Amino acid sequence: MPRELNHFINGKNITGKSGRFCDVYNPNTGAVQAKTPLATTAEVGEAIAAAQAAFPAWAAMNPQRRARVMFRFKALLEENMDELAALLSAEHGKVIDDSKGDVQRGLEVIEFACGIPHLLKGDYTEGAGPGIDVYNMRQPLGVVAGITPFNFPAMIPMWMFGVAIACGNTFILKPSEKDPSVPLRLAELMLEAGAPAGVLNVVNGDKEAVDALLEHDDVKAVSFVGSSDIAHYVYHTGAANGKRVQAMAGAKNHGIIMPDADMDQVVRDFLGAAFGSAGERCMALPVAVPVGEDTADEFIARMIPEIKKLKVGVSTDNDAHYGPVVTAAHKERVENYITMCEAEGGKMLVDGRGLKLQGHEDGFFVGPTLFDHVTADMKSYQDEIFGPVLQVVRAQTLEEAAALPSNHQYGNGVAIFTRNGRAAREFAASVQVGMVGINVPIPVPVAYHSFGGWKRSAFADVNQHGPEGVRFWTKVKTITQRWPEGDIGDQAFIIPTMG
Ligand code: NAD
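### Notes on the site of the ligand
Inspection of the region around the ligand gives 30 residues, with Lys174, Glu177, Ser227, Ala249 and Glu384 positioned closest. Measuring from an oxygen atom of the ligand, one finds a backbone N or O atom of Phe150 at 3.0 Å. Protein contact buries 89% of the 850 Å² of open area that the ligand shows by itself. Among the elements of the structure, helix 6 (155-166), helix 8 (207-215) and strand 11 (219-225) are those that each provide at least two residues to the shell around the ligand.

Here is the structure:
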C-alpha cells in the first residue's frame, strides 16, 4: 500500500484534506510507492496564515541569530546526508553519489546564507548635505513562496528558502509533486535547527496550489523553477498580481568543441554532462558542436565506444553511471523525441530506446542515445528533451558554431572546449547565453555567485542565490536624516544636492 505523504504547516506534518493525490513512483521498479496530497486553495491559505503569523518575530530577530539557525541546519544536512540522498534517489532515480551532490549544492547555499549579517549591511553617506546623512537598509518582504521542479528536489528548494529565510522572510515551499519527500524532510530539519514553526512551510500540490500562491495578497514574492511555458505563466500571473517574480525555465545547452580542444577531456566531460542524471539537468550538455569535419569525426569515433560502455542501473547501484528517468510519462516523452529526431533526418549512432534492465523490466530506464548530423531546423533540436540524448550539430567555423546557442530559444548554459584563450574570451563575451563554461562542461555558478539563464530559460531580472538572491528576497529602504540643533521648525530643509 503506497504511503500517504503530508503537508508541513506551522511546524507540523498535516494530512491533506483534498482527497486528490499524485502518484510518487519508485522509478527503478515502476511501482507506486507513495501518494502526494494535492492541496486546496484553503490549505494553501492555512500555510500562508502560519507564515504570516511567524513573520514579525522572525524578521525582528537580529541577523546573527537567524544565521545561527542556518549554521545548525547546515550541520544537520551533513549529519543526515546519507538518509537524504537515499530518500532523494528512491523517488527521483538519481544514483546515490549524484543525490549527495544535489544535497551538497543546496548545502553550499546554506553556507552562503550563514553570512547573512554581512550580506544585509546597508550603505551610509555622511554629510550628503549640511548635517544630512543618507543610509539604506535591506528589509525582508514578508511571506514569500518557492515553486520547484522534480529534478533537484534538495538543491533548488535550498537555493530559494536558504537565502529568503536568512533575510528574515517566512516561506511557503511548493515542491514538485513527483518527489516531495526530501523537501518535507528539509522542513523538519529546519525546525530542528531552531527555525520557529511557520518560518518554513511545505504545501504539496499542482496548479491549484500554485494559483493559490500567485493570487494571495499576503504572498509578496514568488520564485519558480521549472519548464518554460509554466515559468512564463507564473511570471506574468504573479506580476499581474503585484508580486515580485523570478521564473527560471527550460534549457538546451550547447558544448562547442574547437579543433585544438583536449579530446580526452571533451569525451570525459560529455559522458558526464550529457548522460549523467539521465540528462535530467537544466545544465546538462545535450548538444555537441564540433568545429570542422575532422573534429566531428574524431569526437564521434571516440564517443561511440565510451557510450556503449556506460552502465545504466538502479539508483542504488554504485557502479551505475546513471539511473532511471523520473516517470513512465517522461520515459515515453524522451523516447518519442528520439523517434522524432530519427524521422527528421538525424543520423542515429546509438539508440537507447526500449532498454529493459534485467530484474527491473518495468523501471523507467532509457539508454544513452547519440545522433550525428542534427540541424538547427529540426524540432527535436529546438526543443528541450531532458533525457540521455546527445545530438551532434556540425559547424565549419567558430562563428557558425557560436550562432547556434545565440539563436536558440533557450539560453541557460553553454560551454566551449579549446586551448585558445583569445577565442574563448571572445566567445564568452558575445554568446547570447546566461552562464558560460570555458573547458567546464556544466558551468553552474558556486553558491556565492548567482544562477540564471537568458531568453526562454529565465523570466527574471534578478538571478537565484548569491548576491542577486539577497537582492531578490529583500526590499531597499533609503533614509535621509538630519538632526538640527534647536527648534527644528525654524530651519528650512536644504535639498542635499543644493547644499
Ligand atoms: P514543471 O514545469 O513540470 O514543474 C515545475 C513546478 O511547476 C512544479 O512544482 C509543478 O507542480 C508546477 N506546475 C506544474 N504544472 C503547473 C501548471 N499548469 N500551473 C502551475 N504550476 C504547475 O517542471 P519539471 O518537469 O518538474 O522540471 C523540469 C523542468 O525544469 C525542465 O524544463 C528543466 O529545464 C527546468 N529546470 C530549470 C532550471 C533552471 O534553473 N533554469 C533548473 C532545474 C530545472
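### Brief notes about helix 4 (residues 96-113)
In a regular helix each residue adds 1.5 Å, so 18 residues correspond to 26 Å; helix 4 covers 26 Å between its end C-alpha atoms and thus fits that length. Residues of helix 4 that are buried: Ile96, Asp98, Ser99, Asp102, Val103, Gly106, Leu107, Val109, Ile110, Phe112 and Ala113.

### With respect to the sheet that holds strand 4 (residues 21-26)
Spatial ordering of the open sheet is given by 1-5-4, a layout of three strands whose pairing is mixed. The sheet terminates laterally at strand 1 (3-4) and strand 4, the two strands that pair on one side only. With six bridges connecting them, strand 4 and strand 5 (residues 31-37) associate as antiparallel partners. Among the inter-strand pairings, Phe21 is bridged to a residue of strand 5, identified as Pro37.

### What to know about the pattern of salt bridges
Oppositely charged side chains can pair when the atoms bearing their charge come close. Within this structure, the stated rule accounts for 28 salt bridges. Across the pair Arg20 and Glu208 runs a salt bridge whose closest N-O atoms are separated by 3.2 Å. Here the residue Arg20 occupies a position in the loop between strand 3 (12-15) and strand 4, and Glu208 occupies one in helix 8, the gap between them amounting to 188 residues. Taking relative accessible area as the criterion, Arg20 reaches 32% and is therefore assigned partly exposed. For Lys379, the salt bridge is made with Asp383, and the minimal N-O distance between the two is 2.7 Å. Sharing partners across several salt bridges, the network here consists of Glu293, Asp297, Asp372 and Arg394.

### Some details on the sheet that holds strand 20 (residues 435-438)
Across the sheet, which stays open at both edges, the seven strands sit in the order 15-16-17-14-13-19-20 with mixed pairing between neighbours. Either end of the sheet is taken by a strand with one partner, and the two such strands are strand 15 (347-350) and strand 20. Ignoring strand direction, the axes of neighbouring strands in this sheet form an average angle of 20°. Relative to strand 14 (residues 287-290), strand 13 (residues 254-257) runs parallel, the two being bridged by four bridges. Bridged to His254 within strand 14 is Val287. Strands in contact with helix 14 (residues 398-407) are strand 13, strand 14 and strand 19 (413-417); relative to strand 13, the strand with the most contacts, it is inclined by about 175°.

### Looking at the nonpolar core
If you look at the biggest cluster of nonpolar residues, it comprises 65 residues, and the most contacted ones within it are Phe73, Leu77, Phe161, Phe171 and Trp473. Per-element accounting of this core gives the leading share, ten residues, to helix 6. Viewed by domain, this core spans two of them, domain 1 (3-249 + 457-479) and domain 2 (254-438), each represented by three or more residues. With residues up to four places along the chain from it excluded, the contact list for Phe73 reads Ile110, Met158, Phe161, Leu186, Leu189, Met190 and Ala193. One finds Ile257, Phe270, Val314 and Val392 within the second-largest nonpolar core, a separate group that totals 58 residues.

### Brief notes about the environment of Val326
Along the chain, Val326 turns up in the loop between helix 11 (293-309) and helix 12 (328-343). Sequence-distant contacts of Val326, that is, excluding residues within four places in its chain, are made with Tyr25, Pro27, Glu91, His92, Phe150, Lys178, Glu280 and Phe364.

### Observations concerning the packing of aromatic side chains
One pair of aromatic rings is described through two measures. These are the centre distance and the angle between the planes. Taken as a whole, this structure holds eleven aromatic pairs when the rule is applied. For the ring pair Trp159 and Phe451, a centre distance of 4.5 Å and an interplane angle of 40° mean the geometry is tilted. One end of the pair, Trp159, is in helix 6; the other, Phe451, is in the loop between strand 20 and strand 21 (454-455), and 292 residues separate them in sequence. Residue classification places Phe451 among the buried positions, given a relative accessible area of 2%. For the pair Phe270 and Phe299, a centre-to-centre distance of 5.2 Å together with 65° between the ring planes defines the contact as edge-to-face. With a gap of 29 residues between them, Phe270 in helix 10 (residues 263-275) and Phe299 in helix 11 connect regions that are remote in the sequence. By the ring-pair criterion, three or more aromatic residues cluster together here, those being Phe73, Phe161, Phe171, Phe472 and Trp473. Directly above the aromatic system of Phe152 lies the positively charged group of Lys94, at a separation of 3.7 Å from the ring centroid.

### Structural notes on the domain arrangement of the protein chain
Parsing the protein chain into structural domains produces domain 1 (3-249 + 457-479) and domain 2 (254-438). Put simply, the middle of domain 1 and the middle of domain 2, counted by C-alpha atoms, are 31 Å apart. With 19 residues of domain 1 at the interface, the matching set in domain 2 holds 25 residues. Both sides together, the interface formed by domain 1 and domain 2 hides about 1,800 Å², and carbon and sulfur atoms give 57% of it. When residues of domain 1 are sorted by the area they lose upon contact with domain 2, Asn28, Val95 and Ser457 head the list and together hold 29% of the total.

Basis of the calculations
Residues numbered from 1 in each chain as written. Predicted model: local features only at pLDDT ≥ 70, side-chain atom pairs only at ≥ 80, totals over all residues. Heavy atoms only, no water. Near = heavy atom within 4 Å. Polar contact = N/O pair within 3.5 Å; in protein donor to acceptor, adjacent residues only side chain to side chain. Areas by Shrake-Rupley, 256 points an atom, 1.4 Å probe, with all protein chains shown as cover. Helix = DSSP H or I, 4+ residues; strand = E, 2+ residues; numbered from the N terminus. Expected span 1.5 Å × (residues − 1). Buried < 20%, exposed > 50% of the residue type's maximum accessible area, 1.4 Å probe, protein only. Pairing = 2+ DSSP bridges. Salt bridge = Lys/Arg side-chain N within 4 Å of Asp/Glu carboxyl O. Axes fitted to C-alpha atoms, helices over the stretch in contact; angles between N-to-C directions. Contact = heavy atoms within 4.5 Å. Core = buried A, V, L, I, M, F, W, Y, C linked by side-chain atoms within 4.5 Å. Domains from an automatic or database assignment. Phe/Tyr/Trp six-rings, centres within 6.5 Å; stacked < 30°, edge-to-face > 60°. Lys NZ or Arg CZ within 6 Å of the ring centre and 35° of its normal. Buried area = accessible area lost by both parts, 1.4 Å probe.

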